[in-house]
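Notes for the structure review
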Amino acid sequence: MITGIRGMNDILPADIPQWRLVEETARRIFGLYGFSELRSPVLEKTELFLRGMGEDTDVVEKQMYTFADKSGASVSLRPEATASVLRAVIEHGLLGQEPIQKLFSIGPMFRYERPQKGRYRQFHQINCERLGESGPLIDAETLCLAYDIASALGLSGVELEVNSLGCPSCRPAYQQSLRAFMLTRRELLCENCQRRMETNPLRVLDCKADSCRSAAAGAPVIEDYLCPPCRTHYQGVLAALTALEVPFAKNARLVRGLDYYTRTTFEISATGLGSQNAIAGGGRYDRLIADLGGPATPGIGFAFGMERLIMLLEPVTASGKGCFVAAMGDDAKEQALSLLTVLRRSGVRSEAALDKTFKVQMRHAGKSGYPLCAILGGDEIASGTVTLKDLGSGEQTSVARDRFVEAVKETLDR
Ligand code: HAM
């Protein structure tokens, strides 16, 4: 037996209603906020992610599916959507056509992580990027959008945590003081953090290793180092979230795992997921578009992990409205196929099991979940009628063939 690849899941028919619910809910909320969809390829030049996400991040260092294509060019499966969406925006000059871009994307991402519950190698994101606006109200509105998606899905135990990472004028002073603090606890840090402490000390705050966590206890907090414009911005975001009645908590250790963030960063977590409890993460990235070769343009965005959202949902069953069609005898089966086609072309869902005996067909009808079964046999053919059986009550009525579709629709609409 050839099995699928570890960490890459099949989504089976029974789970599809939940996936559709999540996707349709997100599309509806993005629509309410005036967002448009952008679809980018799953494969990009490796260089895009090196420049976009930062070479010193776990994702780029350890988790990328990178390989040489047949021409020898280094390509990578996208580990996130942000870099790809921005590449597409820049490449197609979208900001020249309209300086404010509000875009969402839904699709698979790939990271070579150690698979566990809620963490996969192919996973799906609902991704939001909002370009061309920089004020604190924009941040609050974007966080509110993420919160609205989680609320519309009816998730409980949801928590929004917010932080500010400052900007290139204030962050270096914080990094310096954090590095000085960590130097005094160097022996507690994992190997990775010992190295990263030099290149990117903020990463230490994000490390999940217990010893690094205890090393970080009592570390200086970034809020104390924010420059006046970053401080005003952060306060503006928090005030606007309060006004919008979006519940949040400040978390000074929330640094996120990607290098492009400036100022506002946030994560949404939910209870009931175990250790992989972040359902969404994002933040502002005011330099990324320029870093990728585009016009200097501020931006903010976030992504939800769809697998994690789906794990939190109650089972969803697909709508069962439709009509089963059963037939007795070859002539009747042939005519039943025409009835099925007429029903479908009139917008009525219908199914049959014409390969089977009448008894087995009726068993399928009972299991179909449809409320109604149309029955065609010798008598019906002779009299130009169809028998409609209510699969709930067992009650049968006879309708003329030329009233058949109308009668089915009337019964289903009741
Ligand atoms: P991220 O925090 O790396 O951010 O991922 C966002 C969400 O994707 C996570 O909160 C989690 O729910 C889900 N996720 C990440 N990795 C996995 C995995 N291996 N298996 C299952 N789910 C996973 C980003 O990707 C940024 N691009 C978000 C963003 C958009 N920032 C600005 N714009």
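All values derive from a computational prediction rather than experimental measurement.

Definitions and cut-offs
Residues numbered from 1 in each chain as written. Predicted model: local features only at pLDDT ≥ 70, side-chain atom pairs only at ≥ 80, totals over all residues. Heavy atoms only, no water. Helix = DSSP H or I, 4+ residues; strand = E, 2+ residues; numbered from the N terminus. Buried < 20%, exposed > 50% of the residue type's maximum accessible area, 1.4 Å probe, protein only. Polar contact = N/O pair within 3.5 Å; in protein donor to acceptor, adjacent residues only side chain to side chain. Contact = heavy atoms within 4.5 Å. Pairing = 2+ DSSP bridges. Near = heavy atom within 4 Å. Areas by Shrake-Rupley, 256 points an atom, 1.4 Å probe, with all protein chains shown as cover. Nonpolar A, V, L, I, M, F, W, Y, C, P; charged D, E, K, R; others polar. Salt bridge = Lys/Arg side-chain N within 4 Å of Asp/Glu carboxyl O. Domains from an automatic or database assignment. Core = buried A, V, L, I, M, F, W, Y, C linked by side-chain atoms within 4.5 Å. Axes fitted to C-alpha atoms, helices over the stretch in contact; angles between N-to-C directions. Parallel < 35°, antiparallel > 145°, perpendicular 65-115°, else oblique. Left-handed = near helix turned anticlockwise from the far one by under 90°. Expected span 1.5 Å × (residues − 1).

Inspection of the secondary structure assignment puts Ser105 in strand S5 (residues 101-110). For Ser105, a relative accessible area of 8% puts it in the buried group. Within the structure, Ser105 has its side chain in polar contact with the backbone oxygen of Leu38 (distance 2.8 Å). Excluding its chain neighbours within four sequence positions, the residues that come into contact with Ser105 are Leu38, Val85, Gln125, Ile126 and Asn127.

Here we take up the pairing of strand S9 (residues 262-270). Of all 9 residues that make up S9, 8 are buried, and the element is covered over most of its length. For strand S7 (residues 158-164) and S9, the ladder comprises 7 bridges, and the chain directions are antiparallel. Looking at the pairing, Glu161 lines up with Glu267 of S9.

If you check the shell around the ligand, you find 27 residues, and the closest are Glu80, Glu113, Tyr120, Tyr261 and Ala278. Ala278 places a main-chain nitrogen or oxygen 2.8 Å from an oxygen atom of the ligand. Within the backbone of Gly305, one N or O atom sits 3.3 Å away from an oxygen atom of the ligand. Relative to its free-state accessible area of 650 Å², the ligand is covered by the protein chains to the extent of 95%. If you list the elements that add at least two residues to the shell around the ligand, you get strand S6 (122-131), strand S10 (278-284) and strand S11 (299-305). Looking at the shell around the ligand residue by residue, the class counts come to 12 nonpolar, 8 polar and 7 charged.

Attention shifts here to the pattern of salt bridges. Under the defined criterion, the tally for this structure stands at 22 salt bridges. Between Glu410 and Arg403 there is a salt bridge, with the nearest N and O atoms lying 3.2 Å from each other. Note on Glu410: relative accessible area 42%, which makes it partly exposed. Shared partners join several salt bridges into a network, and the residues in it are Asp58, Glu61, Lys62, Arg195 and Arg196.

Attention now goes to the domain arrangement of the protein. Each domain of the protein was delimited in the assignment, giving domain 1 (13-170 + 226-312) and domain 2 (323-412). The centre of domain 1, based on its C-alpha atoms, is set 49 Å off from the matching centre of domain 2.

Here we come to the nonpolar core. The biggest cluster of nonpolar side chains holds 92 residues, and the ones touching the most others in it are Phe30, Ile126, Leu145, Met182, Phe302 and Phe304. Not counting the four nearest positions on each side in its chain, Ile126 is found in contact with Val22, Ala26, Phe30, Ser105, Ile106, Phe302, Ala303, Phe304, Met306 and Leu309. Grouped together as the second largest cluster of nonpolar side chains are 21 residues, Ala332, Leu388, Ala407 and Leu412 included.

A separate point is the packing of helix H14 (residues 330-345) against helix H17 (residues 404-413). Pairs of packed helices are described in terms of their axes, by the angle between the two and the distance that separates them. Remark: H14 packs on H17, axes separated minimally by 10 Å, with the N-to-C direction vectors making an angle of 60°. Compared by their axis directions, H14 and H17 come out oblique. Seen from above, H14 lies across H17 with right-handed handedness. Taking contact as the criterion, the partners of Leu339, Val342 and Leu343 in H14 are, on H17, Phe404, Val405 and Val408. Tallied by class, residues from the contact of H14 with H17 come to 6 nonpolar, no polar and no charged.

With that settled, the discussion passes to helix H11 (residues 228-243). Here H11 contains 16 residues, and its C-alpha end-to-end distance of 22 Å stays within 8% of the 22 Å for a straight helix at 1.5 Å per residue. Elements that come into contact with the buried residues of H11 comprise helix H6 (136-152), S7, strand S8 (249-250), S9 and S10. In the stretch just after H11, Glu245 is the one whose phi turns positive, near 60°.

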